[in-house]
Structures are given as structure tokens and as C-alpha cells.
Amino acid sequence: MTRETDLIKLYSQKILELAADIPHLERLDAPDASAKKRSPMCGSTVTVDLKLEDGKISAFGQDVKACALGQASAAVLGHVVVGRSPAELQVARDQLKAMLREDGPVPDAPFDGYEVLIPAREFQNRHASILLALDASLEALAQIHANV
């Protein structure tokens, strides 16, 4: 396959649809924590606000300034993040990283929507952008636990 064909495959219709429909794009008024992460490779950024109640994410907001892959990843997370525990997010992040960098399996449900990003495995310069939303969420959760 040529590099051009690979890029066309990478930016599939599903990825573009996800990028155009990111849930929770409004920032929270009074979050328990906020975190901003930036990809040094491409300059993409994701800022996350969240609230934690009874050990689960009860409210989530995100500001996504990223490439289509980073946006699609933020959309996948946005669809399933509310009601999830910090441990579930950590497992999802570890599984997504392994899927991208080690040809690992797709993350477990409910994070299996990341399957759409399998073609990005070949594009290591895009991996950091894909991980931004989860990384920012985990950093915000760490802030909450540090203040407990």
C-alpha cells in the first residue's frame, strides 16, 4: 500500500464522523479538577474538567483542539466516560497505548470504540494526540486524589 492510500485509510469516514460529533465539549463551571495535555509532535491540546462522586466520574467537560484522530479519540472517551472509575480509565489508557504501539487488542468494552483508530498504529507521530483525552482525564483524577 502506498503512503497516500494509508493516509486515506487512516482518515476513514467513521473517524471523521466521530471528530465532528464530540460529546461534552462544554467546560464545567465548578470542576473538582482540570488538566490540559499537549502533544509535542503536533501541538494538539485537550483540556478536561471533571467531577468525581462515589469514586466515579459524575460530570465531564472537554475542550479539544486536536487533529481528526485526537478529536475522534476524545469523542470515543466522551461517549463512555461518565460513570467510569479512575481504574477503568487507567486500564483503557494502557490498553489503547498497547493497541497502538504493540499491536495489542482493542480496549475492553465500553472503550472498544477505539477500534476505529487501529489504522493509526502505523503513524507513531499521531499516537500522543490519540492518547491526549485519556491522559488529561487521568491527570485530573490524580489531582483529585492528591487533594483527598
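It should be noted that the structure appears before, not after, this text.
This one's a predicted model, so the numbers in the text were calculated from it and none came from an experiment. Position labels on residues start from 1 in each chain and follow its written sequence. At least 70 in pLDDT is required for a residue's local features to be given in this predicted model, at least 80 for side-chain atom pairs to be given and counted, and no such filter applies to totals for whole chains, interfaces and linings, which use all residues. Derived side-chain values reflect all non-hydrogen atoms in the structure, with water molecules and hydrogen atoms excluded from consideration.

> I'd love a proper account of the overall build of the protein chain, names of residues and values included.
Put simply, DSSP H or I for four residues or longer makes a helix, DSSP E for two residues or longer makes a strand, and each gets a number counted from the N terminus. Secondary structure summary: the protein chain contains five helices and three strands in total. If you list the helices and strands of the protein chain from N to C, you get α-α-β-β-β-α-α-α. The globule rule is 2.2 Å times the number of residues to the power 0.38, and the radius of gyration it is compared with is taken over C-alpha atoms. Against the 2.2 N^0.38 benchmark of 15 Å for 148 residues, the protein chain shows a C-alpha radius of gyration of 15 Å, consistent with a compact globule. For every residue, the accessible area obtained with a 1.4 Å probe (protein chains only) is divided by the maximum for its type, and the residue is called buried under 20%, exposed over 50%, and partly exposed between those limits. Looking at the protein chain residue by residue over its 148 residues, the buried ones come to 47%. Contact between two residues is taken to exist if any of their heavy atoms lie within 4.5 Å; hydrogens are not considered. Restricting to contacts in the protein chain with at least 6 residues of sequence separation, those with at least 24 account for 61%. Per element, the accessible surface of the protein chain, about 7,300 Å² overall, is 50% carbon and sulfur. None of His or the chain ends enter the tally, which takes Lys and Arg as positive and Asp and Glu as negative. Just so you know, the charge point we use is NZ for Lys, CZ for Arg, CG for Asp and CD for Glu. Taking the average place of the 16 positive charges on the side chains of the protein chain and the average place of its 21 negative ones, the gap between the two points comes to 5 Å. Only the protein chains shown count as cover for residues, and the accessible areas themselves come from Shrake-Rupley with a 1.4 Å probe.

> Give me the lowdown on the packing of helix α3 (residues 68-80) against helix α5 (residues 127-146), citing residues and values where you can.
Where helices are involved, their axes are fitted lines through C-alpha atoms of the stretch in contact, as for all axes, and angles between N-to-C directions lie from 0 to 180°. It is the contact of α3 with α5, at a shortest axis distance of 6 Å, that shows an interaxial angle of 40°. Relative to α5, α3 is oriented oblique. The hand of the α3/α5 crossing is right-handed. Contact residues: L69, G70, S73, A74 and L77 in α3; S129, I130, A133, L134 and S137 in α5. In the contact of α3 with α5, the residues fall into six nonpolar, four polar and no charged. An angle below 35 degrees is treated as roughly parallel, one above 145 as roughly antiparallel, one from 65 to 115 as roughly perpendicular, and anything else as oblique. By definition, any crossing whose near helix is turned counterclockwise from its far helix by less than a right angle is left-handed, and any crossing with a clockwise turn is right-handed. Three classes are used, and their members are as follows: Ala, Val, Leu, Ile, Met, Phe, Trp, Tyr, Cys and Pro are nonpolar, Asp, Glu, Lys and Arg are charged, and the others, Gly among them, are polar.

> Pulling in residues and values, what's your account of the sheet that holds strand β1 (residues 33-38)?
Here a strand pair is declared whenever DSSP counts at least two bridges between the two strands. Spatial strand order, β1-β2-β3: three strands in an open sheet with antiparallel pairing. The open sheet terminates on both sides in strands that have one partner only, identified here as β1 and β3 (56-65). Ignoring strand direction, the axes of neighbouring strands in this sheet form an average angle of 20°. Sheet strands touched by α5: β1, β2 (45-53) and β3. Its angle to β1, the strand with the most contacts, is close to 145°.

> So what's going on with α5? Residues and values would help.
For a helix, the expected span equals 1.5 Å multiplied by the residue count minus one. Taking 1.5 Å per residue, 20 residues should reach 28 Å; α5 reaches 28 Å between its end C-alpha atoms and fits that length. The term bend refers to the angle at a residue between two fitted axes, each drawn through seven residues, those ending there and those starting there. In α5, a bend of some 40° at A133 exceeds every other bend along the element. For α5, the buried fraction is high: 14 of the 20 residues fall into the buried class.

> Before we move on, could you go through the packing of helix α4 (residues 86-101) against α5 and cite the residues and values that matter?
For the pair α4 and α5, interaxial distance at closest approach is 10 Å and the crossing angle is 155°. Overall, the two elements α4 and α5 adopt an arrangement that is roughly antiparallel. Like other packed secondary-structure pairs, α4 and α5 cross with a definite hand, here left-handed. The residues of α5 that touch α4, namely those facing P86, L89, Q90, A92, R93, L96, K97, L100 and R101, are H127, A128, I130, L131, L134, D135, S137, L138, L141 and H145. Taken together, the residues of the contact of α4 with α5 sort by class into eleven nonpolar, four polar and four charged.

> Hey, could you go over the pairing of β1 for me, with residue numbers and the actual values?
Two elements, β1 and β2, share six bridges in a ladder whose sense is antiparallel. Paired with S34 across the bridge in β2 is D49. Taking the residues that link successive antiparallel strands as the turn, the β1-β2 hairpin has six residues, and the phi of G43 there is positive, at about 85°.

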